[in-house]
Amino acid sequence: MIFVLAPPDGRDWVVLTSLPLPVEAANAWATTPGSGAVVSFLGVVREHSDGRRGVRGLTYEAYEEQATLRLAEIADELRRRWPDVERVALLHRVGDLALSEPSVIVVVSAPHRAKEAVPIWKREHWDDGSEWAEHASPVRPVRHSTKAG
């Protein structure tokens, strides 16, 4: 029997699990008709750590009650800072993971996102016609960072 994580009915999906992470399902769940931006982060097991090569896998363990509470606090803080956020998925895997397996998924959707420097326009289509969007953002120059990269 194969078990699969199912998304919740609410706006936050916070899970600590030993099951394989549902990457596609998390992205699909966060993508709503009202979302204009969906941002995903996928953490995977890599073959090196702290300058050491040859990592063959990882084992994650967690104090489930506290880890889940902290993940929920992260979602709450994200919503406090950015109240327009639609959905938040924070899923972390525990147990034995092989190279390239997903260990953490973070997916956030919001109704709008700012554009910086690319002159791209959009045409909106409705049931009874279409029109170029009137509320275009001006093209701004790319901000140069003063931090050393």
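For the structure itself, look to the data block above.
The present account deals with the structure reproduced in this document. (Residues numbered from 1 in each chain as written. Predicted model: local features only at pLDDT ≥ 70, side-chain atom pairs only at ≥ 80, totals over all residues. Heavy atoms only, no water.)

## Focus on the overall build of the chain
- Each helix and strand counted, the chain has two helices and 10 strands in total.
- Along its sequence from the N terminus, the chain presents helices and strands in the succession β-α-β-β-β-β-α-β-β-β-β-β.
- Burial analysis of the chain (149 residues in total) assigns 24% to the buried set.
- Long-range pairs, those at least 24 residues apart, make up 64% of the contacts in the chain between residues at least 6 apart in sequence.
- As displayed, the chain offers around 11100 Å² of accessible surface, 55% of which is attributable to carbon and sulfur atoms. (Helix = DSSP H or I, 4+ residues; strand = E, 2+ residues; numbered from the N terminus. Buried < 20%, exposed > 50% of the residue type's maximum accessible area, 1.4 Å probe, protein only. Contact = heavy atoms within 4.5 Å. Areas by Shrake-Rupley, 256 points an atom, 1.4 Å probe, with all protein chains shown as cover.)

## Observations concerning the pairing of strand β6 (residues 87-93)
- Of all the seven residues making up β6, five are buried; the element is thus mostly covered by neighbouring parts of the structure.
- Note that strand β1 (residues 12-17) and β6 share six bridges and pair parallel. Note on β6: the bridge partner recorded for Thr17 is Arg93.
- Sheet analysis places β6 next to strand β8 (residues 102-110), joined by six bridges and oriented antiparallel. When the bridges of β8 are listed, His92 appears paired with Val104. (Pairing = 2+ DSSP bridges.)

## Structural notes on helix α1 (residues 23-30)
- When we look at burial in α1, the residues that qualify are Ala26, Trp29 and Ala30. For α1, the arc enclosing every buried residue in end-on projection is 95°, short of the 170-degree limit, so these residues lie on one face. Across α1 from its buried face, at more than 90 degrees, point the exposed residues Glu24 and Ala28.
- Along its buried surface, α1 packs onto β1, β2 (37-44), β6 and β8. (Arc of directions from axis to C-beta.)

## Some details on the pattern of salt bridges
- Throughout the structure, instances matching the rule amount to six salt bridges.
- Notably, a salt bridge pairs Glu47 with Arg53, separated by 2.7 Å at the nearest N-O pair.
- Classification of Glu47 by relative accessible area gives partly exposed; the value is 33%.
- Ionic contacts of the salt-bridge type, sharing partners, join the residues Glu77, Arg80 and Arg81 into one network. (Salt bridge = Lys/Arg side-chain N within 4 Å of Asp/Glu carboxyl O.)

## Observations concerning the sheet that holds β2
- Taken together, four strands build an open sheet; the order of strands is β1-β6-β8-β2 and the sheet is mixed. With one partner strand each, in any of the chains shown, β1 and β2 form the two edges of the open sheet. Recorded for the sheet is a direction-independent mean angle of 5° between the axes of neighbouring strands.
- Those strands touched by helix α2 (residues 64-81) are β1, β6 and β8, and its axis lies near 155° from that of β1. (Axes fitted to C-alpha atoms, helices over the stretch in contact; angles between N-to-C directions.)

Everything listed here is a matter of coordinates, which is why it stays silent on function.
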